[in-house]
Every structure is written in structure tokens, then in C-alpha cells.
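As a plain string of letters, each chain reads:
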Amino acid sequence: MENQENPTDAAPTIRKQVPWNKGKLTGAKPPLRPRHVWAIRTKLQIDGRTRDLAMFNLAIDSKLRGCDVVAIKVGDVAASGYTADRATVRQKKTGRPVRFELGEQTRQAVDDYLKVANKKPDDFLFTGRGGATRGMTTRQYARLVSQWIASVGLDPRLFGTHSLRRTKATLIYRRTGNLRAVQLLLGHTKIESTVRYLGIEVDDALAIAEQVDI
């Protein structure tokens, strides 16, 4: 008599888990170009999005990671009631302080936002749905960035929060070739991290060298 296979002995069905990045474009997000920055600024101004304009400008100038942008408190940038031209925050990733400059456009945008936001020095500068005592989440910030990118006709899949962090740092490097300065501005502990972050290649180094004639 033939042995009949016990149904309970059959191999269990393995459910394939859908990869988190299926359908998404992964990899380093490129920096925005100056014309993209101006286009987004203009669009936010026309639409009267005071908070978003302040946040966008601050993200570009500060060169901070998204988790640090949403963690900024009013007192970090406007302790006296008006936006300072320089500020210092402690990075969540490294625990080290990093300083950054705030240009005239950013200072004006933050001041305009503070006039209507009625915030105290200990309040988060940018809040989400939890009120003044809870900062915006990084996910909410990422969604905003995608909206800003799409509003000027760019593909939001190609750009992200790190695009804003990279934008001014990349421009500074291309104009000066001063890698050490960019390392300090990004708050990197190792210069190798800055090289990888900016995507510097041998051709970039040679292009800078060609501008120097002895």
C-alpha cells in the first residue's frame, strides 16, 4: 500500500515581503540648482506660504539634516525676537554642535513667519499637528519637500530632504574648492564623509587644479 502524503507535512507557503523601496528611486539625492531654488522660493511667495518659505530658506542656508531642521527651536535662531545672522545647533546624529549662517532672505522669511506664528523661544520653530510643544516629524518634512519639488515641475522621486542639505554645500565647494570649509559647514567628523557626500571625483579635483597656474 502506497504511503499517502500527510497534508501537514507539505512545505509551508512563504509569503514574499514587498521591498520597502519597490517602485522608488534609491540612491543619493542630487542637490538643487540655483534656478530651482529661486523657482521654489518664488512659488512659495506667490502662494503666500509663509511658514514653508521660512522652512525652505532655513533648510538651504543651514545645510542641516532633516531631523535637525525639524528640531530647531525659536530660541536657536531668534533668541532676541529677530533672526540672527548666525546660529548653532547640536546635531542629533553626531551629538556635535554645528554653526551655520542665515542670509538676508532667510532672516526676512523667518521674521515674517514669526510675526504671524506667535511663538515663544522654547517653542519648536516648525510644528506639526501636535501644537507648539511638538515639532514637525521628519516624515511630514519630507512630504513638504516633495510638494515644493513637484510645484516647480521637478520629479519628487529624484530629490529629497538631502537635496536641500547638499545644495549650498555643493555650490560652495564648486566655487571655492575648499573641502575643509564644507566639512565644517556640514558638521562631518571625517573629511572622507564630505568627499563621499558631495560625490567628488578625480575630474572635479583636476578641474579645480586647472584653475591654479603657477
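Here's what I pulled together on the structure shown here. Note that the coordinates shown come from a computational prediction; the quantities given were computed from them, not determined experimentally.

Quick look at the overall build of the protein now. When its secondary structure is counted, the protein shows 10 helices and 2 strands. Counting from the amino terminus, the protein carries its helices and strands in the arrangement α-α-α-α-β-β-α-α-α-α-α-α. Expressed as a percentage of its 214 residues, the buried residues of the protein come to 35%. Counting only contacts in the protein whose residues sit at least 6 apart along the sequence, the fraction spanning at least 24 positions is 58%.

This part covers the environment of Gly-153. Its place among the elements puts Gly-153 in the loop between α6 (138-151) and α7 (161-176). Residues Gly-153 and His-36, spaced 117 residues apart in sequence, show a C-alpha to C-alpha distance of 9.6 Å.

Grouped together as the largest cluster of nonpolar side chains are 38 residues, with contacts concentrated most on Leu-32, Met-55, Phe-56, Leu-125, Tyr-141, Trp-148 and Leu-164. Of all the secondary structure elements, the ones that give two or more residues to this core are α1 (34-46), α2 (50-62), α4 (74-77), β1 (86-90), β2 (97-101), α5 (104-117) and α6. Sorting elements by how many residues they give to this core places α2 first, with 7 residues. What Met-55 contacts, discounting residues up to four positions off in sequence, is Val-69, Val-70, Phe-126, Met-136, Tyr-141, Leu-144 and Trp-148.

Residues Ala-87 and Val-89 line the buried face of β1, whereas the alternating positions Arg-86, Thr-88 and Arg-90 sit on a face that is not buried. Pairing between β1 and β2: 5 bridges, direction antiparallel. Pairing of Thr-88 across the sheet is with Arg-99, part of β2. A loop of 6 residues connects β1 with β2, the two strands running antiparallel in sequence, and Gly-95 in this loop sits at a positive phi of about 75°.

With 14 residues, α6 extends 20 Å from end C-alpha to end C-alpha; this agrees with the ideal 20 Å at 1.5 Å per step. Within the span of α6, buried status applies to Gln-140, Tyr-141, Leu-144, Val-145, Trp-148 and Ile-149. Residues of α6 that are buried sit in contact with α1, α2, α3 (66-69) and α7.

Okay, the pattern of salt bridges next. Applying the stated rule across the entire model yields 7 salt bridges. Linking Asp-52 and Arg-49 is a salt bridge whose minimum nitrogen-to-oxygen distance equals 2.5 Å. By relative accessible area, Asp-52 is classed as buried at 4%. With a shortest N-O distance of 2.9 Å, Asp-61 and Lys-168 are connected by a salt bridge.

Time to look at the packing of α2 against α6. The N-to-C vectors of α2 and α6 enclose an angle of 95°; their axes lie 12 Å apart at closest approach. By the angle between their directions, the pair α2 and α6 is classed as roughly perpendicular. Where α2 approaches α6, its residues Arg-51, Asp-52, Met-55, Phe-56 and Ala-59 are matched on the opposing element by Tyr-141, Leu-144 and Trp-148. The residue makeup of the contact of α2 with α6, split by class, is 6 nonpolar, no polar and 2 charged.

Further remarks concern unusual backbone geometry. The phi torsion at Lys-63 lies on the positive side, around 60°, for a residue other than glycine. Of note, Lys-63 is situated in the loop between α2 and α3. Exposure remark for Lys-63: the relative accessible area of 0% places this residue in the buried category. The phi dihedral of Asn-118 is positive, around 55°, even though this residue is not glycine. Tracing the backbone through its elements, the reader meets Asn-118 in the loop between α5 and α6. Asn-118 sits in the exposed class, given a relative accessible area of 69%.

What follows concerns helix α9 (residues 191-198). Among all positions of α9, only Thr-194, Tyr-197 and Leu-198 are buried. Take α9 and look down its axis: the buried residues cluster within an arc of 85°, on one side only. Taken from the residues just after α9, Gly-199 is the one with a positive phi, measuring 70°.

Thresholds applied
Residues numbered from 1 in each chain as written. Predicted model: local features only at pLDDT ≥ 70, side-chain atom pairs only at ≥ 80, totals over all residues. Heavy atoms only, no water. Helix = DSSP H or I, 4+ residues; strand = E, 2+ residues; numbered from the N terminus. Buried < 20%, exposed > 50% of the residue type's maximum accessible area, 1.4 Å probe, protein only. Contact = heavy atoms within 4.5 Å. Core = buried A, V, L, I, M, F, W, Y, C linked by side-chain atoms within 4.5 Å. Pairing = 2+ DSSP bridges. Expected span 1.5 Å × (residues − 1). Salt bridge = Lys/Arg side-chain N within 4 Å of Asp/Glu carboxyl O. Axes fitted to C-alpha atoms, helices over the stretch in contact; angles between N-to-C directions. Parallel < 35°, antiparallel > 145°, perpendicular 65-115°, else oblique. Nonpolar A, V, L, I, M, F, W, Y, C, P; charged D, E, K, R; others polar. Arc of directions from axis to C-beta.

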